[in-house]
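This is what each chain is made of:
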Amino acid sequence: MTDTLLSAASPGSRNREQVRKGLRRRHRSEVLFRWAGILSIVAALGFVAILFGMILSKGMPSFWQSTLHLEAYFDPELIEGGPQPQREDSNSDADYQRAYSNWQRAVTLSNWNTVVETAIRAQVPEFEIETGDLLDLVTTAARFQLRDQYFANPDVLGQTMPVSILGSANTDNWLKGTIDRSQPDARQQLAPETRQLADQFLEQGIIRFDFAGHIFTNVDSRSAPASAGLAGAFMGSLYMMMVVIVLAVPIGVASAVYLEEFAPKNRWTDLIEVNINNLAAVPSIVFGLLGAAVFINYFGLPRSAPIVGGLVLTLMTLPTIIIATRSSLRAVPPSLRQAALGLGASRNQTVFHHVLPMTFPGILTATIIGVAQALGETAPLLLIGMSAFIANIPSSPMDSATALPVQIYLWQGNENRNFFEARTSAAIIVLLGLMLMLNAIAIFLRSRLEKRA
Amino acid sequence: MDMIAGKIKLTSKTVDQSMNPLDVLERETRLSARDVTVHYGDKQALFGISIDIPDRAVTSFIGPSGCGKSTFLRCINRMNDTIEGARVGGSIKLDGDDVYDPNLDVVELRARVGMVFQKPNPFPKSIYENVAYGPKIHGLARSRTDLDEIVVSSLRKAGLFEEVKDRLNEPGTSLSGGQQQRLCIARAIAVGPQVILMDEPCSALDPIATAIIEELIDELRENYTIVIVTHSMQQAARVSQKTAFFHLGKLIEEGVTEDIFTNPEHKQTQDYIMGRIG
């Protein structure tokens, strides 16, 4: 009895020894793998940090732009048209309208540059500088700025009012040091007097770096780069996203539901499935060509319009939504379908009452990922003319517009590199902020939907 | 503890069979199957099954795994339709109506033949919604009060009402396994079926929950024709009046439960009951 026990024990202990010998090797590979994992995560996070750090450090300063705080005298001798015509009982509507538009024209044609010039000179009466060099200090849109201010409140005629006028892009460069200050005069954008004046104003507090809210409210501008903004591109992107959501979500979800729940499994559906997967792998620029050929040439839709951009991006987003919806449909347990079918629910009722609601979080995530992808897409938009310079906020998806990523591309290529390098990063910050917001909404909605289910 | 013991005792009492076992032979036939065959693609799963299922009694299908008992059960309410490549031959008649008649609407059939599945599968909705769903889609309730009544009476019949009456709006998935299965039974009853099919309804439950469900099945027998597939021979012996033994896709033997268990005709049946095959 003891013998058999012993002989039974010895092979067991030999096994244990074998296992123990292997253990060290196994532990070592485990530790190695864990370290490799940590290392790759650190590397990935490092790159993301570098990227964000660079974009933020470059882009953030351009949200604060040099602004001149001046006292402007609305000189009745310079501003033509006199006081705003008042509505009197004796006037007919047409008379009043005519008088008003005459006044408007006269005001617009007034020499606003001189008003600006006087306001600047009033700060430094002794300083000798040519008019052209002096006006280089402020953005060329300064005169429109004063004019609009006057239109808004014509009572200031003959009075002196505090105004803040945006400095020009070159002033901004000089004061922020984005242009090399040690370069000789010949290589500087501004005359020596202008630079001196800018420095002096900054010292006196007449020029301050104010928050540049106009980045969000103005449209792109080539003549007055300092006052260029993203509003047009933002609206263009918004319209495109609307088109994408309105078209891609219903079409994508419907196709996915049909393919997954209703379609027979045969050679045709296999072919469709393969092609949907292929569609997801098609380079985006090809979709742009397709959009130009089909939507613009064949259907005659307007060029540069968000509607066309939206249609092209819909085509790109569809496969993402279809594939994700199908996989979340597949994840719904078959027992749920059986429960509904067993009760006598029709296939339609089974899908729409029970299966589809379970996939809402998945569809939502897919939609937002798809939309975020579309939001950042540039290449196809270049081919349908959305890289054109548009100085209007589009009022409908049929108007010409540009998009945020295209605006980034355009600013990146602008000739005033010193100014637009930071502006490009600022636009990237806005785009990234928008995407982070979309993702946050997705996470919030998903967690809420999942809690409810 | 006393309560649980009482439940089990109660159940074991029902095993004594309040119904005379031979009564089952005199019951009307509710379902009759003739030469039913099922193919899954190229593979034949059922070979010419013919059986009569009596009204208002429990008929159990027993047999080793893969013998085709569940497959046959799923033929009765055409759940096999949902499986890709499944073909059914032969005829199954429910009160004389051919279940596989192309003119028969499968939705209507499933309203007449309810089903309870192996794993409790309540909808991820409230307890109330779970039970109300069937009557709602079939338009059985004319008003909200009608619907409330159906829900309450179905939950009562399934012996669940007292346990859940204060939380009808809580999700059905928050119940215990046994309660979930009774909720599924209530859900099936709510449609007012003639036949209830049960596909191993207790295989995912503990013995106490199983005893409660068995007791419930015995009560439901008075109003419904019940067909139950089970792995447990003890369960078949406890709850059913008629038993059919399946093996390798064939119906080997059917008859009054007592006869099958005490005096089987075929050697295969005897072997299975004795635990020699399985």
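Asker: Looking at this structure, how should I read the sheet that holds strand S2 (residues 43–54) of chain B?
Answerer: Two orientations exist for strands paired in a sheet by backbone hydrogen bonds: parallel and antiparallel. Residues and elements named next belong to chain B. Here we have four strands laid out as an open sheet, ordered S2-S1-S4-S5, and antiparallel in their pairing. One side of each edge strand has no neighbouring strand; the edge strands of this open sheet are S2 and strand S5 (97–98). Pairing of strand S4 (residues 86–94) with S5 involves two bridges; the strand directions are antiparallel. Bridged to Leu94 within S5 is Asp97.

Asker: Quick question: what am I supposed to make of the interface of chain A and chain B here?
Answerer: It is common to give the size of an interface as the accessible area that goes away when the parts come together. At the junction of the two partners, chain A supplies 18 residues and chain B supplies 22 residues. A combined buried area of about 1600 Å² lies between chain A and chain B, and 63% of that area is made up of carbon and sulfur atoms. In terms of surface lost to chain B, no three residues of chain A exceed Gln338, Leu343 and His354 of chain A, which account for 36% of the buried area on that side. At the junction of chain A with chain B, the criterion picks out zero salt bridges. Here chain A and chain B share six residue pairs in polar contact (both at pLDDT 80 or more) between them. Of all the secondary-structure elements, those providing two or more residues to the side of chain A that touches chain B are helix H13 (334–342) and helix H14 (347–375) of chain A. A per-element tally of the side of chain A that touches chain B places H13 of chain A first, with seven residues. Counted by class, the side of chain A that touches chain B contains nine nonpolar, eight polar and one charged residues.

Asker: Honestly, the packing of helix H11 (residues 284–298) of chain A against helix H12 (residues 306–330) of chain A in this entry has me stumped. Any pointers?
Answerer: To characterise two packed helices, one gives the angle between the axes of the helices and the distance between these axes. All names here are of chain A. Taken N-terminus to C-terminus, the directions of H11 and H12 make an angle of 130°; their axes are 9 Å apart at the nearest point. As judged from the angle between their axes, H11 and H12 are oblique. Relative to H12, H11 is oriented so that their crossing is right-handed. Two secondary-structure elements touch here, H11 through Ser284, Phe287, Gly288, Leu290, Gly291, Phe295 and Ile296 and H12 through Val308, Leu311, Val312, Leu315 and Met316. Tallied by class, the residues present in the contact of H11 with H12 amount to nine nonpolar, three polar and no charged.

Asker: When you look at the pattern of salt bridges in this model, what are you seeing that I'm missing?
Answerer: Two side chains that carry opposite charge are able to pair once their charged atoms sit near each other. Residue and element names in this part refer to chain A. The final tally for this structure, using the stated rule, is 30 salt bridges over all chains. For the salt bridge of Arg147 with Asp148, the shortest nitrogen-to-oxygen distance reads 3.2 Å. Residue Arg147 is classed as buried on the basis of its relative accessible area of 17%. Here Arg330 and Glu260 are joined by a salt bridge, their closest N and O atoms 3.2 Å apart. With Arg330 in helix H12 and Glu260 in helix H9 (residues 231–262), this pair connects stretches of sequence that are 70 residues apart.

Asker: I tried to follow the confidence of the model for chain B on my own but got confused; where do I start?
Answerer: Parts of the prediction with low pLDDT should not have their coordinates interpreted in detail. Residue and element names in this part refer to chain B. The predicted model of chain B has a mean per-residue pLDDT of 86, with 90% of residues at 70 or higher. Here residues 1–17 is modelled with pLDDT under 50, and outside its nearest four sequence neighbours on either side it reaches 15 contacts, counting other chains as well. In the predicted assembly, ipTM is 0.85 and pTM is 0.80.

Asker: Can you walk me through the side chain of Asp55 of chain B in this structure?
Answerer: Residue and element names in this part refer to chain B. With respect to the helices, strands and loops of the structure, Asp55 is situated in the loop between S2 and strand S3 (58–62). A polar contact of 2.8 Å, which involves the side chain of Asp55, links it to the side chain of Thr225. Leave out the neighbours within four places in its chain, and Asp55 touches Arg27, Glu28, Arg30 and Thr225.

Asker: So what exactly am I meant to see when it comes to a positive patch on the surface here?
Answerer: All names here are of chain A. A cluster of like positive charges, contributed by Arg24, Arg25, Arg26 and Arg28, occupies part of the molecular surface. For Arg25, the position within the fold is in helix H1 (residues 2–59). Judged by relative accessible area, Arg25 falls into the exposed class, the value being 54%.

Asker: Hey, could you run me through the side chain of Thr230 of chain B in this one?
Answerer: All names here are of chain B. In this structure, Thr230 sits in the loop between strand S8 (225–229) and helix H10 (233–239). Within the structure, Thr230 has its side chain in polar contact with the backbone nitrogen of Ser232 (distance 2.9 Å). If near-sequence neighbours (up to four positions away) are discounted, Thr230 is found in contact with Ser60, Phe61, Ile62, Lys69, Glu200, Gln235 and Ala236.

Asker: I'm lost on the environment of Arg27 of chain B in this one. Help?
Answerer: Residue and element names in this part refer to chain B. In this structure, Arg27 sits in the loop between helix H2 (23–26) and strand S1 (29–40). Since its relative accessible area comes to 26%, Arg27 is described here as partly exposed. When the C-alpha atoms of Arg27 and Asp55 are compared, they prove to be 6.0 Å apart, with 28 residues separating the residues in sequence.

Asker: Sorry if this is basic, but what is going on with the nonpolar core here?
Answerer: Here is a general trend for soluble globular proteins: nonpolar side chains tend to be buried in one another's company. Core analysis: the biggest nonpolar cluster contains 65 residues, and Leu313 and Leu381 of chain A have the highest contact counts within it. Contributing elements (two or more residues each) for this core: H9, H11, H12, H13, H14, helix H16 (404–412) and helix H17 (417–452) of chain A together with helix H5 (127–138) of chain B. The element best represented in this core is H17 of chain A, accounting for nine residues. Of the residues that make up this core, three or more belong to each of domain 1 (64–212) and domain 2 (231–452) of chain A.

Asker: Help me understand the domain arrangement of chain A in this model?
Answerer: Residues and elements named next belong to chain A. Partitioning chain A into structural domains gives domain 1 (64–212) and domain 2 (231–452). One C-alpha centre belongs to domain 1, the other to domain 2, and the line joining them spans 44 Å. Between domain 1 and domain 2, the contact holds seven residues from the first and four residues from the second. It is Gln65, Ala169 and Asn173 in domain 1 that bury the most area against domain 2; as a group they hold 61% of the surface buried on that side. Taken together, the links from domain 1 to domain 2 amount to zero salt bridges. Here domain 1 is connected to domain 2 by three residue pairs in polar contact (both at pLDDT 80 or more). The biggest single contributor to the side of domain 1 that touches domain 2 is helix H6 (residues 169–176), with four residues. Grouping the constituent residues of the side of domain 1 that touches domain 2 by class yields two nonpolar, four polar and one charged.

Asker: Got a minute to help me understand the state of the cysteines in this structure?
Answerer: A disulfide bridge is the covalent bond that connects two cysteines by way of their sulfur atoms. Per the counting criterion, the structure on display carries zero disulfides over all chains. Just so you know, Cys67 of chain B is unpaired, no disulfide at all, and the nearest cysteine sulfur is the one on Cys75 of chain B, 13 Å from it.

Asker: Would you mind showing me how to read the sheet that holds S8 of chain B here?
Answerer: All names here are of chain B. Judged by pairing direction, the sheet is mixed, and its six strands sit side by side in the order S6-S7-S8-S3-S9-S10 without closing on themselves. Looking along the sheet, the strands with just one partner apiece sit at the ends: strand S6 (113–116) and strand S10 (250–256). Adjacent strand axes in the sheet meet at a mean angle of 15°, parallel and antiparallel pairs treated alike. Where strand S7 (residues 195–199) and S8 come together, five bridges link them in parallel fashion. Paired with Ile196 across the bridge in S8 is Ile226. Docked against the sheet, helix H8 (residues 177–190) engages S6 and S7, running at close to 170° with respect to S6.

The rules behind each value
Residues numbered from 1 in each chain as written. Chains lettered and ligands numbered in written order. Predicted model: local features only at pLDDT ≥ 70, side-chain atom pairs only at ≥ 80, totals over all residues. Heavy atoms only, no water. Pairing = 2+ DSSP bridges. Helix = DSSP H or I, 4+ residues; strand = E, 2+ residues; numbered from the N terminus. Contact = heavy atoms within 4.5 Å. Buried area = accessible area lost by both parts, 1.4 Å probe. Salt bridge = Lys/Arg side-chain N within 4 Å of Asp/Glu carboxyl O. Polar contact = N/O pair within 3.5 Å; in protein donor to acceptor, adjacent residues only side chain to side chain. Nonpolar A, V, L, I, M, F, W, Y, C, P; charged D, E, K, R; others polar. Axes fitted to C-alpha atoms, helices over the stretch in contact; angles between N-to-C directions. Parallel < 35°, antiparallel > 145°, perpendicular 65-115°, else oblique. Left-handed = near helix turned anticlockwise from the far one by under 90°. Buried < 20%, exposed > 50% of the residue type's maximum accessible area, 1.4 Å probe, protein only. pLDDT = per-residue confidence, 0-100. Patch = residues over 30% accessible without salt bridge, like charges linked within 9 Å, V, L, I, M, F, W, Y side chains within 5 Å. Areas by Shrake-Rupley, 256 points an atom, 1.4 Å probe, with all protein chains shown as cover. Lys, Arg positive; Asp, Glu negative; His and termini not counted. Charge placed at Lys NZ, Arg CZ, Asp CG, Glu CD. Core = buried A, V, L, I, M, F, W, Y, C linked by side-chain atoms within 4.5 Å. Domains from an automatic or database assignment. Disulfide = S-S within 2.5 Å.

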